[in-house]
Amino acid sequence: MTTVIEPDEAAAGERPRQGVMDGGYRVATLGIVLVVTLLAFESMSVGTVMPAVAKDLDGLSLYAWGFSATLIASLLSTVLAGGWVDRAGPARPFMIGLAVFVAGLAIAGTAPTMWLFVAGRAVQGLGSGVPMVALYVVIARVYPEHLRSRVFAALSAAWVLPSLIGPAVGGVVAEHLGWRWVFLGLIPLVIPPGLLLTPTLRGVRRTASAADAPGRTRYTAAIAAAGGAGLLLYGLGRTGWAMAPTALIGLAGLGYGLPRLLPAGTLRMRRGLPSVVIVRGLLSGAFFGADSFIPLTLTSLHGFSPTKAGVVLTVGALGWSAASQIQGRSKRSRAFFALLGAVFVAAGIVAVTVALQLSGWAAVPAWIVGGAGMGFAIGSLSVLMLDLSPEDEQGVNSSALQIADTLGSSLVVGAAGALLTGFGTGRLHLGLAAAGVMFAAIAAAGVVAALRLEARK
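Remember, it's a predicted structure, so these values are computed and weren't measured experimentally. Every chain is numbered on its own, with residues counted from 1 as its sequence reads. Local features in a predicted model are, by the rule used here, given only for residues with pLDDT of at least 70; side-chain atom pairs are given and counted only at 80 or more, and totals for whole chains, interfaces and linings are based on all residues. Calculated side-chain values reflect all of the structure's heavy atoms, with hydrogen atoms and water omitted.

(A) Examining the pattern of salt bridges more closely. A carboxyl oxygen of Asp or Glu within 4 Å of a side-chain nitrogen of Lys or Arg is what we treat as a salt bridge. Tallied over the entire structure, the rule returns one salt bridge. Here R280 ties to D405 by a salt bridge, and the two come within 2.9 Å at their closest N and O atoms. In this pair, R280 is assigned in helix α12 (residues 273-301) and D405 in helix α16 (residues 394-423), connecting sequence segments 125 residues apart. For the pair formed by R280 and D405, the shared burial category is buried. By definition, any uninterrupted DSSP run of H or I lasting at least four residues is a helix, any uninterrupted run of E lasting at least two residues is a strand, and each is numbered from the N terminus. For every residue, the accessible area obtained with a 1.4 Å probe (protein chains only) is divided by the maximum for its type, and the residue is called buried under 20%, exposed over 50%, and partly exposed between those limits.

Shown next as structure tokens:
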């Protein structure tokens, strides 16, 4: 098992504090960063090529589902992963999840119809949720507390190369080789980093027994929440009152499932861990909602090629990485950076919504602000979650944080897709503007929740 230097030992001078790339941490850090880099590359590329996918497969009406299906499926696998990782250790869940993710890449890359493409994206979501929970648990149990913020900063740094080349490469591949190779080309690259991380994964101990496994209620809640989200978005995406019962059933599923999956008081913004989780969900929903529709706006309204559209996503992700490095090395509180990030995300979304109504290139500086907000907030919220979690609940609470990420993003992206459907292709510019207003309102709610991250003394 990887050697861990306790903070009090280092502070006492018995041995110098190590960095995340020193000694026994080097292999673990390299493995984590490489896995996240590849997952990030896929994420950054998909946003750029989705307009080409929708056009080629005649699937503009399912555009939002190309994102939402992945996120909803990830919600389900994330719940499964939380207790599974605590009970079995992170090694087996991580490798199985990565294999399922690769299968999803293959299905999406060979899909002859938009529906099958969406199905492949759903399989990707089933696979990607598990490795991320496993990595959070590895960070919590392998690294001492004083290194955790730097590890999360390294995770954000793992987005730098995908940010620099992901959107542009995705656009170039879509234009010259075809969008399918954005998915198929990643398959041989995913496995080696997973194998590099295997020794570290196997060295992490289990903290829960089979008797401590999540009960049937939690799994039922996960199915209800994921199914409810899907039904709600399906109902919202169809016109006519006949779909209202479907949407109501979806709301009922969410109402049953979410209180059983998230820390008590999350939906009421209770101070402490519940507010950490709800802020994560609100900011992820607002940011990734806007991020998903920026390429569509640029290609549809401003005549951008996929490659040029990718530049805007690139600068947003670079802002994210730079801000994450700043917060990871600062001695200010994590709550301070989470609140600062929420303000930046809200300001960036307002700015990019206005900019996209005027000029495509005006969105570039605006989205740097939004990306910086996520860089300040996301790593800080992750550290706060771990600090507020007992060791035997780190897997479950990491799962809750991922649930907030995926559910927030899927619901917001799906609702924005429903807005576009309602306005129709003839008034696409109005639909995109309305979606921008919705994203800004959700980010503003995130600012309010971020004021409640610290418990009252």
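(B) Representation of the side chain of S77 in the model. Looking at the secondary structure, you find S77 in helix α3 (residues 65-88). Overall, S77 belongs to the buried group, its relative accessible area being 4%. For the purposes of these results, a polar contact is taken to be a pair of N or O atoms within 3.5 Å, where, inside protein, one atom must be able to donate a hydrogen and its partner to accept one; residues adjacent in sequence count only when each atom of the pair is a side-chain atom. Separated by 3.3 Å, the side chain of S77 and the backbone oxygen of G125 make a polar contact. A distance of 3.1 Å separates a polar side-chain atom of S77 from the backbone oxygen of L126.

(C) Quick peek at helix α11 (residues 244-261). Given the number of residues in a helix, its expected span is that number minus one, multiplied by 1.5 Å. Taking 1.5 Å per residue as the helical rise, α11 with its 18 residues ought to reach 26 Å, and the 26 Å between its terminal C-alpha atoms agrees with that figure. If you check which residues of α11 are buried, you get T246, A247, G250, G253, L254, G257, L258 and L261. The arc enclosing the buried residues of α11, seen along the axis, measures out at 115°, which places them on a common side. Facing away from the buried side of α11 by over 90 degrees, the exposed positions are L248 and I249. This arc is taken over the directions from the axis of the helix to the C-beta atoms.

(D) Spatial organisation of the side chain of N397. Mapping N397 onto the fold places it in helix α16. Since its relative accessible area comes to 8%, N397 is described here as buried. Any two residues whose heavy atoms approach within 4.5 Å are treated as being in contact. Those residues in contact with N397 that lie beyond four places of it in its chain are L273, M385 and S389.

(E) Region of interest: unusual backbone geometry. Phi is positive for D58, which is not a glycine, with a value near 50°. With respect to the helices, strands and loops of the structure, D58 is situated in the loop between α2 (26-56) and α3. Classification of D58 by relative accessible area gives exposed; the value is 71%. Phi at M269 is positive, roughly 60°, even though this residue is not glycine. Relative to the assigned elements, M269 resides in the loop between α11 and α12.

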